[in-house]
Amino acid sequence: MEKFKLLTSTCVPLPIENVDTDQIIPARFLKATTREGFGDNLFADWRYYKDGKPKEDFVLNDSTYKGEVLVAGKNFGSGSSREHAAWALGSYGFKVIISSFFADIFQNNALNNGILPIVISEKFLQELFKSIETDPTTTVTVDLINQLVTNNATNKSESFEINSYKKNCLLNGLDDIDFLLSNKDKIEEYERKRAYTY
């Protein structure tokens, strides 16, 4: 995974509440055994007509909005625990998702796949939506080291919480397996020294 420290980006707004994982990536796309191509099917039922043509009024098909940050409504990622939802968001190019609430399993799946889910207050979220609506070139700056997100249109910031282990992994570009491998020498040393009982 890429190391994550500081990101400034424009945003894609999705001010819809209770977006579940079946809306993020519909179940019919879960048969794939690799992560490739999931970004093409992100929000597929909202994004495309049945004949495959793009729906002009959906935000991902609107060239006005682009960026590595998805700003979503409250309760994003509810429903089934499919990791494919995080795969689809990451494959599309999102590195950060901002909302006022995430489903726990989705939040963990995002972190495990190098995507930073940021929980902010509902007030700050609505102000951010308003800034993006007023000026689609509005950017946010996400400072993972200091755990701070800033709306650069207003210069207002909020702090966010993140598990210290997951923060360390993101800062160093490590997934769980990479983290274990980076500590291989320590693990082997522990195994050599510890007493075994039979």
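Structure: above.
Residues numbered from 1 in each chain as written. Predicted model: local features only at pLDDT ≥ 70, side-chain atom pairs only at ≥ 80, totals over all residues. Heavy atoms only, no water.

**Some words on the sheet that holds strand 7 (residues 156-159)**
Reading across from one edge, 4-3-2-1-5-6-7 is the order of the 7 strands in this open sheet, with mixed pairing throughout. The open sheet has two edge strands, strand 4 (116-119) and strand 7, and neither has a second partner. Between one strand axis and the next, the sheet turns through 30 degrees on average, direction left out of account. As judged from the 3 bridges shared by strand 2 (residues 69-72) and strand 3 (residues 96-99), these two strands associate in the parallel manner. When the sheet's bridge partners are listed, Val71 is paired in strand 3 with Ile98. Contacting strand 3 and strand 4, helix 4 (residues 104-112) runs over the sheet at an angle of about 140 degrees to strand 4. (Pairing = 2+ DSSP bridges. Helix = DSSP H or I, 4+ residues; strand = E, 2+ residues; numbered from the N terminus. Axes fitted to C-alpha atoms, helices over the stretch in contact; angles between N-to-C directions. Contact = heavy atoms within 4.5 Å.)

**Quick word on helix 5 (residues 122-134)**
For an α-helix, the turn length of 3.6 residues means that residues three or four places apart are oriented alike. The first and last C-alpha atoms of helix 5 sit 18 Å apart over 13 residues, in line with the 18 Å expected at 1.5 Å per residue. Listed as buried for helix 5 are Phe124, Leu125, Leu128, Phe129, Ser131 and Ile132. Mapping the buried residues of helix 5 onto a view down its axis gives an arc of 160 degrees, with all of them on the same face. Those residues of helix 5 that are exposed and aimed more than 90 degrees away from the buried face are Lys123, Lys130, Glu133 and Thr134. Elements that come into contact with the buried residues of helix 5 comprise strand 1 (6-14), strand 2, strand 3, strand 5 (139-143), strand 6 (148-151) and strand 7. (Expected span 1.5 Å × (residues − 1). Buried < 20%, exposed > 50% of the residue type's maximum accessible area, 1.4 Å probe, protein only. Arc of directions from axis to C-beta.)

**Focus on the packing of helix 3 (residues 84-92) against helix 4**
As a packed pair, helix 3 and helix 4 sit with axes 8 Å apart at the nearest point and diverge in direction by 50 degrees. Taken together, the axes of helix 3 and helix 4 are oblique relative to one another. Crossing handedness for the pair helix 3 and helix 4: right-handed. Every residue of helix 4 that contacts helix 3 at Ala85, Ala86 and Leu89 is listed here: Phe106, Asn109 and Ala110. Here the contact of helix 3 with helix 4 is composed, by residue class, of 5 nonpolar, 1 polar and no charged. (Parallel < 35°, antiparallel > 145°, perpendicular 65-115°, else oblique. Left-handed = near helix turned anticlockwise from the far one by under 90°. Nonpolar A, V, L, I, M, F, W, Y, C, P; charged D, E, K, R; others polar.)

**Brief notes about the packing of aromatic side chains**
Enumeration over the complete set of coordinates arrives at 8 aromatic pairs. Relative to Phe106, the ring of Phe76 lies with its centre 5.4 Å away and its plane at 75 degrees, an arrangement referred to as edge-to-face. Residue Phe76 is located in the loop between strand 2 and helix 3, and its partner Phe106 is located in helix 4; the two are separated by 30 residues in the primary sequence. Classification of Phe106 by relative accessible area gives buried; the value is 3%. An aromatic cluster is present here, built from Phe43, Trp46 and Phe58 joined pairwise through their rings. (Phe/Tyr/Trp six-rings, centres within 6.5 Å; stacked < 30°, edge-to-face > 60°.)

**Some words on the layout of surface pockets**
A probe as big as a water molecule, rolled over the atoms, marks out the empty space that is left. Taken as a whole, the largest pocket spans an internal volume of roughly 450 Å³. Taken together, 22 residues make up the lining of the largest pocket; nearest its centre are Glu2, Lys95, Asn113, Gly114 and Ile115. Here the element with the most residues in the lining of the largest pocket is helix 3; it accounts for 4 residues. Grouping the amino acids of the lining of the largest pocket by side-chain chemistry returns 9 nonpolar, 6 polar and 7 charged. (1 Å grid on protein atoms, 1.4 Å probe; cavity = no way out; pocket = protein on both sides within 12 Å on 5 of 7 lines; lining within 4 Å. Points joined across faces, edges and corners; volume = space filled by probe spheres on them.)

**Some points on the nonpolar core**
Judged by nonpolar contacts, the single largest core of 25 residues is most densely connected at Ile24, Phe43, Leu70, Phe76, Leu89 and Phe106. Those elements that place two or more of their residues in this core are strand 1, strand 2, helix 3 and helix 4. Every residue in contact with Phe76, bar those within four places of it in the chain, is listed here: Leu14, Val19, Ile24, Phe43, Leu70, Leu89, Ile97, Ser99, Phe101, Phe102, Ala103 and Phe106. Membership of the second largest hydrophobic core comes to 24 residues, among which are Val69, Leu116, Phe124 and Ile132. (Core = buried A, V, L, I, M, F, W, Y, C linked by side-chain atoms within 4.5 Å.)

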